[in-house]
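Working through the structure, step by step
Spelled out, the chains give:
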Amino acid sequence: MISVVKINGSPTRPSKTEILINAIGASLAAKVDVNEQAITLADVGHSVMCGLTRPEVSAKGEQLLQLAERADVLIVGTPVYRASYTGLLKHFFDLVDRDAMRGRRVILCATGGSPLHGLMLEHQLRPLMGFFAMQTVQTGIYGLSDDFQDGRVVGSSLLARIDQAASEVVDLLPASRARIAEVVS
Ligand SMILES: Cc1cc2nc3c(=O)[nH]c(=O)nc-3n(C[C@H](O)[C@H](O)[C@H](O)COP(=O)(O)O)c2cc1C
């Protein structure tokens, strides 16, 4: 059983990023046994944003930061805001303990209104994970409005990338856990 923590940096709901993150979580759950938890910053962001430094965050905020710091796998998603990840997501990661994140595996995803901003994921979100020495999977996942319909991901190339990224993160798991994936598939 691997612990998966999904972090959505969108400040609003409903959220296309949340649909994407959930689709990635479902794809991973189809490959390996998971215990999944979500940090939906639209709902719980205030418990983190209330503090400019870690000692200032609420007890609930501290709990969320520790949840992220203990995950085997993270699925980190954000809408593109002003050509970057959201300030909300950045503030969360500004408070996360640097050393606690070393080596944790992460799938990155983003949604945006323009295809021109898809590389935000490669040039901004991935380097942020690099700062923490986290292991990002090769395949980044970027969704546009047309990829979503009735609360689901419908874009076929996006669905293929989701499956690819989920397989890549399974490959990063220790052999004993990856074996579970082989039995399931
Ligand atoms: C304040 C704001 C800034 C945005 N900036 C960009 C941007 O720079 N580039 C882009 O492609 N989309 C931009 N968008 C569009 C969102 O990234 C897009 O609608 C996204 O899918 C929303 O995700 P969500 O539904 O998970 O909140 C912006 C939207 C808002 C509200």
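Above this text you will find the structure in question.
This write-up is about the structure you can find in this document.

The rules behind each value
Residues numbered from 1 in each chain as written. Predicted model: local features only at pLDDT ≥ 70, side-chain atom pairs only at ≥ 80, totals over all residues. Helix = DSSP H or I, 4+ residues; strand = E, 2+ residues; numbered from the N terminus. Rg over C-alpha atoms; globule rule 2.2 N^0.38 Å. Buried ≥ 20, exposed ≤ 12 C-beta atoms within 10 Å, placed from the backbone. Contact = placed C-beta atoms within 7 Å. Near = placed C-beta within 6 Å. Nonpolar A, V, L, I, M, F, W, Y, C, P; charged D, E, K, R; others polar. Expected span 1.5 Å × (residues − 1). Core = buried A, V, L, I, M, F, W, Y, C linked by C-beta atoms within 7 Å.

Here's the deal with the overall build of the protein chain
Counting its regular elements, the protein chain contains eight helices and eight strands. Taken over C-alpha atoms, the radius of gyration comes to 15 Å for the protein chain, in line with the 16 Å a tight globule of 185 residues would show. Its C-alpha atoms put the protein chain at 45 × 40 × 30 Å along the principal axes. Looking at the protein chain residue by residue over its 185 residues, the buried ones come to 39%. Restricting the contact set of the protein chain to residue pairs at least 6 apart, pairs at least 24 apart contribute 75%.

Considering the site of the ligand
The environment of the ligand is made up of 16 residues, and the closest members are Ser15, Thr17, Pro79, Thr111 and Gly112. Contributing elements (two or more residues each) for the shell around the ligand: α1 (16–29) and β4 (105–112). Grouping the constituent residues of the shell around the ligand by class yields four nonpolar, nine polar and three charged.

As for α1
Look at α1: 20 Å from first C-alpha to last across 14 residues, which is about the 20 Å you get at 1.5 Å a residue. Along α1, 12 of the 14 residues are buried, which leaves the element largely enclosed by surrounding structure. Of all the residues in α1, the buried ones are Lys16, Thr17, Glu18, Ile19, Leu20, Ile21, Asn22, Ala23, Ile24, Gly25, Ser27 and Leu28.

Some points on the nonpolar core
One finds Ile24, Leu74, Ile107 and Ile141 to be the most contacted residues of the largest nonpolar core, which totals 47 residues. Ile24 has contacts with Ile75, Ile107, Cys109, Ile141, Ile162, Ala165 and Ala166, leaving out every residue within four places of it along the chain.

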